[in-house]
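# Structural characterization, general
Below are the chains, spelled out letter by letter.
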Amino acid sequence: MSDRTQSFLPPVTQSDPLRGPVLLRDGRPAYLRTATREDLPALRELLQRSSLSSRYFRFFGAVAPTEDSASRLVAAGGDGRGQDPSTIPVPGTGATQGMTLVVTTGGEDDRIIGVGSYTPVRPGEAEIAFLVEDTHQGRGIGTILLERLALAADLAGIRRLIAQVLPENQQMLQVFQDSGYDFVRELGDGIIQIALDIEPTERSVAMAEQRDRIATQASLEPFFRPRSVAVIGASRRPGSIGYRVLQNLITTGFNGPVYPVNPKANVVSSIPAYPSVKDIPGPVDLAIIAVPQPLVLSVVDDCAEKGVRGLVVLTAGFAETGPEGKELQDRLLRKVRGAGMRMIGPNCLGILNLDPEVRLNATFGPVAPLPGRVGMSSQSGALGLAIIEYCRGLGLGLSSFVSVGNKADVSGNDLLQFWEDDPQTDVILLYLESFGNPRRFARLARRISKKKPILAVKSGRTSAGKRAAGSHTAALAASDVGSDALFRQAGVIRADTLEEMFDIASLLVHQPLPKGKRVGILTNAGGPGILCADACEAEGLEIPILTEETQAKLREFLVPAASVTNPVDMVASASAEDYERALSLMLEDPNIDAVVVIFIDTGAASMEDVAKAVKAGRKNAPGGRDKPLLASFMSMRGISDLLKDEEESIPSYRFPESVARALARAVQYAEWRSAPEGIIPYFPDMNLEEAKAICDEALRTRGDGWLRPDEADRVLRAAGIRTIPTRLCTTEDEAVQAAEELGYPVVVKLASLTLVHKSEWKGVHLNLKDADAVRRAFRQMREALEAAGRADEMLGVTVQPMAGEGTEVMIGMTEDPSFGPLVAFGLGGVTVELLGDVVFRITPLTDRDAWNMVKGIRGFKLLDGYRNMPVRDQKALAEMLLRVSQLVEEVPAISEMDFNPVKVYEEGKGAEVLDVRIMVRR
C-alpha cells in the first residue's frame, strides 16, 4: 500500500505538451510533435546525419541508415511489432501501443533533430529510447523528449519506463540522472538497465521548472542584455518611429554599437547606415524592426541569415487587424522560430532595460524613464507610453519595461521568469488584457510571488451579459471570476486601477513589508485622520490603541487638546518637532506594525520642515526600521525629494484613502507570502477509474447531458465523497417501498435530466412521515409537469431520509474556457444566486486553497459557532473541496457540477451531499 500523502503536478508547458514550440537549453526555439507516416524519410535522413557512435548507442550495433532502421526508431505496439506512426494513440486511450515524439527545427527548412519513443512491454511498463543528432546534442533535446513521453505514458496508465543504456553512453545516463524521477539502475551483461518511476515527485517537478527557467532566461538574454542593436527602418525624418527609436538608443547611452539600417541613406543621425542587416560588419544580437508591414517578412529572412537572436517588431497590421493579419502573423512566427530566433511583438512599443551595464531604450516613447527597481510588462503600447510618463511624474523608477503587443512569441509568462532572478528588479507590474496560458501563469506566479511581489491590472472585468447557465455554479461564475481566483491563489496583488497599482508599487519598492495589520495614524487634522482610520478598517486593517507608555510620552509635549490614543491628532498647531518626536514614539510602539503620517499645511509648520522632521523621526526610531512608513502630504504625490534621502524614500499619497488601500494590499500580500505553501493531498481511497467509467458510459449511451441521480451518486461514492442514502424510483410504489426501507421521515425530490431548479416545479417535499404523504408528493410533481406539458421530462423521484441538524452550504464546479475547472463554495439553498456569497478557485486546489475557500465567504461565522450555534465540521468541508478538485482534474468529461445543498454537521461529524447534479460533455 502506498504511503503517499500528497500529489505533485508536472510544470505546465508553454503549449500542448505533445505538440508545439519548445525552448532548448541555449534558449533557441524548436518544435515538438508526434510522429506521422510521412516522417520515415526524415528519420532516415536523421540517421544519415548521425555518427556511427550515436547509431551504435541507439541500436547496440552498427546500423546503416536504411528505411528499415528508420522504422525501428518508431514505437512498437504491445505485440512487439513495429508500429505504424500514423496510428499513435492519444494519451488516456490505453497503453497497448507506444508513442513516438520528434523534435524539429521548424521553419521552411524543417528537419528532425531528435526522436524518442516508448513501447509497452508489460502492464504498467514501457521501454524508452532516444536518438539526437550529434550537432544538437547537449541542448536538452533528450531531456525534453523524456519529460513529454513520461507525461504521455502516465496518462496512458504506464507507471514505469525502462531504458537499456550502454555504459559508454554517459550523456544518456546523465539525462536520466538529471530528470529528477526516482529510478533504479542495474548492470547486467554489459548493459545498464534504468527503471524510472514516472510519478511526479517534488524533485522531478523542481528540476523541470529549473530547466524551463534556464531555457527561458537564455532566450531573453538578447533582448535585455544585447551586445549590439540594429534599427531596421531607422529614419532621418523627425517624428517617425524609426527616428525616435534610434534617438532613444543614442541619448540613453546604450553600452554597445547601434547600427541604423536604411537602404536609402548612408548616414542616419550621424551614424553610418547599412542597406541591409546582412551588410553590418559585426554580429547583431537584437534587431528593432520599424518598416512597413509588407516588408517585415523579408526583413526577418535577412535577420535569420545574419544570425540575429532577438527581434522586436514594432510594425502593426498583423493579428490585431483580423483573420488575414492573423495568418500573416502566423507566417511571421514560423519564420522567426524556424530560424532559432525569438520575437517581441508585433504591434508593440518596444523594450527598455535601464541596468547601468546595459542602458537600453529601444522604444519610441517621448519621455525618458527614471531608473529604478520595477519591471513592467504592458499589452497595450499606447498605454505603455502613458505609463512611462506617469512613473516619471511619481518618481517611480523602472528597471525594465516591455510592451508585448500581440504576444505572438514572447509573453508575460516568459518575462516573469526573467524577472524572477533579475537582480535589478524588486517588484513586477503587469497590465493584462488577456491570458495566453493562464494555468502556466498561475504556476509561475505562485512560485515567483514567494520571492518578489507581482502587481496586476486586468482589463475586461465586466461582461455584456451572462450565458444561459444550467447550474447554480455556472450562473454565479461571472466573466472575471477566473481571473480573480487565479490572482488570489498565486499571491498576485490585484489592483482595480492603474493608479492604485502604482500607489501599491511605490510602497512595495521603497518600504519593508508589514509584519501585521495594525496601523498607527499621525496627523495634524482630525478629519483626514478619521477618514484614514475608516478606510483602513474598511480594508481589513486595525487601528489599535497605543500602549500606555507611548501615550504618556506623547502627553509630555503635545497640547492638552491633542488625542494620543490612535489616531494621534496633534491638532493644527503641531510643529515640525512635534511630528519628529511623535513619529519616533509611534514607530517604537509594539502595538503598531505600520505608520501613516498625514500633513495639512495649517501655517504652523512648513511642508519642507515637516518632511525633514519625518525623516529625522524615522532615524530616531531604530526599533521601527522594519515597519513601513507612509505619508499623506495632501499637496504631494509620489516620491518627492523632500521625503527621500540616501537611506530610503517615503511614498506620499494625496488622499488618506489611497494610503489605506495601498497598505491593505501590502498586508494581504505579506500574509500570503509568510503562510506555509499548500500541498495537493493524495486520497488513496478515490476510485477515479470507476468514476471515469460511469461518465464514459453515460456519454456513450445518451451523449452530452446531465447524469441520472443514481449515476451522479455513484460518481461521488467512487470519489470518496459522502452522500445521503438516495433511491431513484420511477413509480409511486417504488417510492413508498424505498421510504419504508430507509425509514420515515423522508424527503422526496423530482428527478429529471432537464429540469434544473426543483423548487419551480414543486419538486421538493420534506419531512414526509408515511406512505400516503409519499404518494401525494409523487402525484403532485407529476400533475404539475403534466399541466405544463412536460411530463415526459420526469424520470421519477429520489427518496432520501431526512438529514440531521446542520448548516447548508453549496459546492460546485464549472468549466471556464480559459482557466479550466473552477470550484465554487458558498452558503447553500435556493437563495445561493440571490445572495452571491460564493468564492471560486481554479483547480488543482491545495489544502491551503480549500481552507481559504471555507473561511473566505461572508457567512463563515455560521460555520464557526455564531450566536452559540455549534461549530461545524470545517475540516470535512475542506476535504470535500479537495476531493472535488481531484475528481474534476482526473475526469475531464465532468463539465458542471452542483452539490446543493451540502449539510455540514457538528465538528467531527462530517458533511454529506443531499442533492447533486453532474453534467458530462465529450
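First, a word on what this report is: a plain description of the structure on this page.

So, how was this worked out
Residues numbered from 1 in each chain as written. Predicted model: local features only at pLDDT ≥ 70, side-chain atom pairs only at ≥ 80, totals over all residues. Heavy atoms only, no water. Helix = DSSP H or I, 4+ residues; strand = E, 2+ residues; numbered from the N terminus. Rg over C-alpha atoms; globule rule 2.2 N^0.38 Å. Buried < 20%, exposed > 50% of the residue type's maximum accessible area, 1.4 Å probe, protein only. Contact = heavy atoms within 4.5 Å. Areas by Shrake-Rupley, 256 points an atom, 1.4 Å probe, with all protein chains shown as cover. Lys, Arg positive; Asp, Glu negative; His and termini not counted. Charge placed at Lys NZ, Arg CZ, Asp CG, Glu CD. Disulfide = S-S within 2.5 Å. Arc of directions from axis to C-beta. Pairing = 2+ DSSP bridges. Axes fitted to C-alpha atoms, helices over the stretch in contact; angles between N-to-C directions. Parallel < 35°, antiparallel > 145°, perpendicular 65-115°, else oblique. Nonpolar A, V, L, I, M, F, W, Y, C, P; charged D, E, K, R; others polar. Phe/Tyr/Trp six-rings, centres within 6.5 Å; stacked < 30°, edge-to-face > 60°. Lys NZ or Arg CZ within 6 Å of the ring centre and 35° of its normal. Right-handed = clockwise from strand over helix to strand, strands pointing away. Expected span 1.5 Å × (residues − 1). Patch = residues over 30% accessible without salt bridge, like charges linked within 9 Å, V, L, I, M, F, W, Y side chains within 5 Å. Salt bridge = Lys/Arg side-chain N within 4 Å of Asp/Glu carboxyl O.

Helix and strand content of the chain: 27 helices and 39 strands. Here the chain has a C-alpha radius of gyration of 32 Å; the compact-globule value for 922 residues is 29 Å, and the two agree. Dimensions along the principal axes, computed over C-alpha positions, put the chain at roughly 90 × 90 × 60 Å. When each of the 922 residues of the chain is scored for burial, the buried share is 57%. Pairs at least 24 apart in sequence give 69% of the contacts found in the chain among residues at least 6 apart. When the accessible surface of the chain is totalled, it reaches about 37,900 Å², and 50% of it is carbon and sulfur. Between the averaged position of the 104 positive side-chain charges in the chain and that of its 121 negative side-chain charges there is a distance of 2 Å.

A few words on the state of the cysteines. Under the definition given, this model contains zero disulfides. Lacking any disulfide linkage, cysteine 391 is separated from the closest cysteine sulfur, that of cysteine 348, by 18 Å. Cysteine 536 supplies the cysteine sulfur nearest to cysteine 532, a cysteine that is in no disulfide, at a spacing of 4.2 Å.

Its location among the elements puts leucine 352 in strand S17 (residues 350–353). Exposure remark for leucine 352: the relative accessible area of 0% places this residue in the buried category. Taking C-alpha positions, leucine 352 is 6.6 Å from valine 402, a pair spaced 50 residues apart along the chain. When sequence neighbours within four positions are dropped, the list of residues in contact with leucine 352 reads Leu360, Asn361, Thr363, Pro369, Ile388, Ser399, Ser400 and Phe401.

Moving on to the side chain of asparagine 262. With respect to the helices and strands, asparagine 262 occurs in the loop between strand S11 (258–261) and strand S12 (267–268). Classification of asparagine 262 by relative accessible area gives buried; the value is 15%. If sequence neighbours within four positions are ignored, asparagine 262 has contacts with Ala234, Ser235, Val268, Tyr274 and Pro275.

Buried within helix H23 (residues 732–742) are the following residues: Glu732, Ala735, Val736, Ala738 and Ala739. Down the axis of H23, the sector holding all buried residues measures 160°, keeping them to one side. The exposed residues of H23 that point more than 90 degrees off its buried face are Asp733 and Glu740. In the core, the buried residues of H23 are packed alongside strand S30 (727–729), strand S31 (746–751), helix H24 (771–787) and strand S33 (796–801). Looking one or two places after H23, you find glycine 743, whose phi comes out positive at around 100°.

A few words now on the sheet that holds S17. Spatial ordering of the open sheet is given by S18-S17-S20-S19-S21-S22-S23, a layout of seven strands whose pairing is mixed. On the outer flanks of this sheet lie strand S18 (360–363) and strand S23 (493–494), each paired with one strand and no other. Bridge count for strand S19 (residues 371–378) against strand S20 (residues 398–403) is six bridges, and the pairing is parallel. Residue pairing in the sheet places serine 378 in a bridge with serine 403 of S20.

Attention now goes to the packing of helix H8 (residues 296–306) against helix H9 (residues 323–338). Two quantities define a packed helix pair, namely the angle between the axes and the distance from one axis to the other. Following both chains from N to C, one finds H8 and H9 inclined at 5°, their axes separated by 10 Å at the closest point. Between H8 and H9, the crossing angle belongs to the class labelled roughly parallel. Residues Val296, Leu297, Val300 and Asp301 of H8 pack against Leu328, Arg331, Leu332, Lys335 and Val336 of H9. Grouping the amino acids of the contact of H8 with H9 by side-chain chemistry returns six nonpolar, no polar and three charged.

Per the stated rule, a full pass over the model turns up 10 aromatic pairs. Here the aromatic cluster, defined as three or more aromatic residues joined through ring pairs, consists of Phe435, Phe441, Phe487 and Phe819. Sitting above the plane of the tryptophan 672 ring, lysine 450 keeps its charged end 4.7 Å from the centroid. A cation sits over an aromatic face here: arginine 917 above tryptophan 706, 4.3 Å from the ring centre.

Along S20, six of the six residues are buried, which leaves the element largely enclosed by surrounding structure. The pairing of S17 with S20 spans three bridges and is antiparallel. Among the inter-strand pairings, isoleucine 351 is bridged to a residue of S20, identified as valine 402. Taken together, S19, helix H10 (residues 381–394) and S20 form a β-α-β motif whose crossover is right-handed.

Looking now at helix H15 (residues 498–510). Between its first and last C-alpha atoms H15 spans 18 Å; for 13 residues at 1.5 Å apiece the expected length is 18 Å, and the two agree. With 10 of 13 residues buried, H15 is to be regarded as a mostly interior element. All of the buried residues in H15 are Glu500, Met501, Phe502, Asp503, Ile504, Ala505, Ser506, Leu507, Leu508 and Val509.

Attention now moves to the sheet that holds S11. Picture the strands of a sheet paired through backbone hydrogen bonds; they go either parallel or antiparallel. On the basis of which strands lie adjacent, the open sheet formed by five strands has the order S11-S10-S14-S15-S16 and parallel pairing. With partners counted over all chains shown, the strands left at the sheet margins are S11 and strand S16 (342–344), one partner each. With strand direction ignored, the average angle separating the axes of adjacent strands in the sheet is 20°.

Next up on the list: unusual backbone geometry. Cis rather than trans, the peptide bond between asparagine 566 and proline 567 has omega equal to 5°. Residue proline 745 is bonded to the preceding tyrosine 744 through a cis peptide linkage, with omega at -5°. Backbone geometry at arginine 867 places phi at a positive 50°, although glycine is not the residue there. Along the chain, arginine 867 falls in the loop between helix H26 (847–856) and helix H27 (874–890).

We now examine a nonpolar patch on the surface. There is a patch of nonpolar side chains on the surface, built from Val764, Leu766 and Met802 and spanning about 250 Å² of accessible area. In this fold, valine 764 is placed in strand S32 (residues 764–768).

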